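Given next are the chains, with one letter for each unit.
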Amino acid sequence: MGKRNLSRRDASPVLLLAAVVMLFVALVWTGRVTPVRGAPDASPVAGSPAASPTAATPVATTPPARGARQSVSTAGKVTIYLTDQGFMPSYVESTNGHPLIITLVNSGTRPHAFRIDALGIAETLAPGETKTITIEHPDLGDFTYVSDAPGDEGMQGRLAFYI
């Protein structure tokens, strides 16, 4: 067998693959992408048109399946489930410059709260209750949402607005 010289053309696919892998690793490392583990989930992701309620669409009181995505990116609407185990999703990322409509669904067995002190939001929901709030002019930045209801110690999530 003779030696084979690699040309630039032969190395191009390898370099492209390496660049894609490096980009994916960087996105996972910075938290911008969450790798999917386990079987794919067929349920709609919170924040997608199918998951966000409209006037004609009743809001489901069942939270996403265990292991469903815990973070979402949205441009205007999101549904956050308040469960006995915590918020689902626990991280919401949205662009600023337009209102963000948040539908809160208490799918737990006891009261839960949704509070963002920096934005003046404080809601308490009974089991099975749904409320919709609108953040009209969100500022850039990260905001922690918490539940201060009895038994919810440490229950929190994060809402991030970016350009």
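Summary of the structure given here.

The rules behind the values
What you see as residue numbers is a count from 1 along each chain, following the sequence as written. For this predicted model, a pLDDT threshold of at least 70 governs which residues receive local features, and a threshold of 80 or more governs which side-chain atom pairs are given and counted, while totals over whole chains, interfaces and linings are taken from all residues. Water and hydrogen atoms play no part in the side-chain values, which are based on all heavy atoms of the structure. Each helix corresponds to a stretch of at least 4 residues labelled H or I by DSSP, and each strand to a stretch of at least 2 residues labelled E; elements are numbered beginning at the N terminus. Any residue under 20% of the maximum accessible area for its type is buried, any over 50% is exposed, and the rest in between are partly exposed; the area is computed with a 1.4 Å probe on protein chains only. Here, strands pair whenever DSSP counts at least two bridges between them. All axes here are fitted lines through C-alpha atoms, helices being fitted over the stretch that makes contact, and every angle between N-to-C directions spans 0 to 180 degrees. In protein, a polar contact requires one atom able to donate a hydrogen and another able to accept it; more generally it is a pair of N or O atoms within 3.5 Å, and residues adjacent in sequence count only if both atoms are side-chain atoms. Only buried residues count toward a nonpolar core. Its members are Ala, Val, Leu, Ile, Met, Phe, Trp, Tyr and Cys residues joined through side-chain atoms within 4.5 Å. By definition in these notes, contact holds between two residues if any of their heavy atoms fall within 4.5 Å. The term salt bridge refers to a side-chain nitrogen of Lys or Arg lying within 4 Å of a carboxyl oxygen of Asp or Glu. Two aromatic rings, drawn from Phe, Tyr or Trp (for Trp, its six-membered ring), form a pair once their centres lie within 6.5 Å of each other, and the interplanar angle then sorts them: stacked below 30 degrees, edge-to-face above 60, tilted otherwise.

With that settled, consider the overall build of the protein chain. Regarding its fold elements, the protein chain presents one helix and ten strands. Sequence-ordered secondary structure for the protein chain, helices as α and strands as β, is α-β-β-β-β-β-β-β-β-β-β. Burial statistics for the protein chain: of 163 residues in total, 32% are counted as buried.

If you trace the four strands from one edge of the open sheet to the other, you get β3-β2-β5-β8, paired in mixed fashion. Edge positions in the sheet fall to β3 (86-88) and β8 (130-135), since each of these pairs with one other strand and no more. Neighbour to neighbour, the strand axes of the sheet diverge by 25° on average, direction disregarded. Note that strand β2 (residues 77-83) and strand β5 (residues 100-106) share six bridges and pair parallel.

Turning to the side chain of Glu 93, a few remarks are in order. Among the secondary structure elements, Glu 93 is positioned in strand β4 (residues 91-95). What makes Glu 93 buried here is its relative accessible area of 9%. At 2.9 Å, the side chain of Glu 93 and the side chain of Tyr 91 are in polar contact.

In terms of nonpolar packing, the biggest core is built from 20 residues, with Ile 80, Leu 82, Ile 102, Leu 104, Phe 114, Tyr 145 and Leu 159 touching the most fellow members. Of all elements in the fold, only β2, β5, β6 (112-116), β7 (121-125), β8, β9 (141-146) and β10 (156-162) reach the threshold of two or more residues within this core. Those residues in contact with Leu 104, other than ones at most four positions away along the chain, are Ile 80, Leu 82, Phe 114, Glu 123, Leu 125, Glu 129, Thr 130, Lys 131 and Ile 133.

The final tally for this structure, using the stated rule, is five salt bridges. Between Arg 115 and Asp 148 there is a salt bridge whose closest N-O contact spans 2.4 Å. Taken together, the residues span a long stretch of sequence, with Arg 115 in strand β6 and Asp 148 in the loop between β9 and β10 at a distance of 33 residues. Judged by its relative accessible area of 22%, Arg 115 falls in the partly exposed class.

What follows covers the side chain of Asn 106. Mapped onto the fold, Asn 106 is located in strand β5. Asn 106 gets classed as buried once you look at its relative accessible area, which sits at 0%. Among the polar contacts made by the side chain of Asn 106, one reaches the main-chain amide nitrogen of Gly 108 at a distance of 2.8 Å. Within the structure, the side chain of Asn 106 is placed 2.9 Å from the backbone oxygen of Leu 125, a separation counted as a polar contact.

Turning our attention to the packing of aromatic side chains. A complete count under the given rule lists four aromatic pairs for this structure. Ring geometry for Phe 114 and Tyr 145: centres 5.1 Å apart, planes at 35°, overall tilted. Placement of the pair is Phe 114 in strand β6 and Tyr 145 in strand β9, with a sequence separation of 31 residues. Following the ring pairs from residue to residue traces out a cluster consisting of Phe 87, Phe 114 and Tyr 145.

Moving on, we come to unusual backbone geometry. With the exception of glycine, the majority of residues adopt a negative phi angle, and the majority of peptide bonds are in the trans configuration. Here the bond from Met 88 into Pro 89 is cis, since omega is 0°, no more than 30 degrees from zero. Mapped onto the fold, Pro 89 is located in the loop between β3 and β4.

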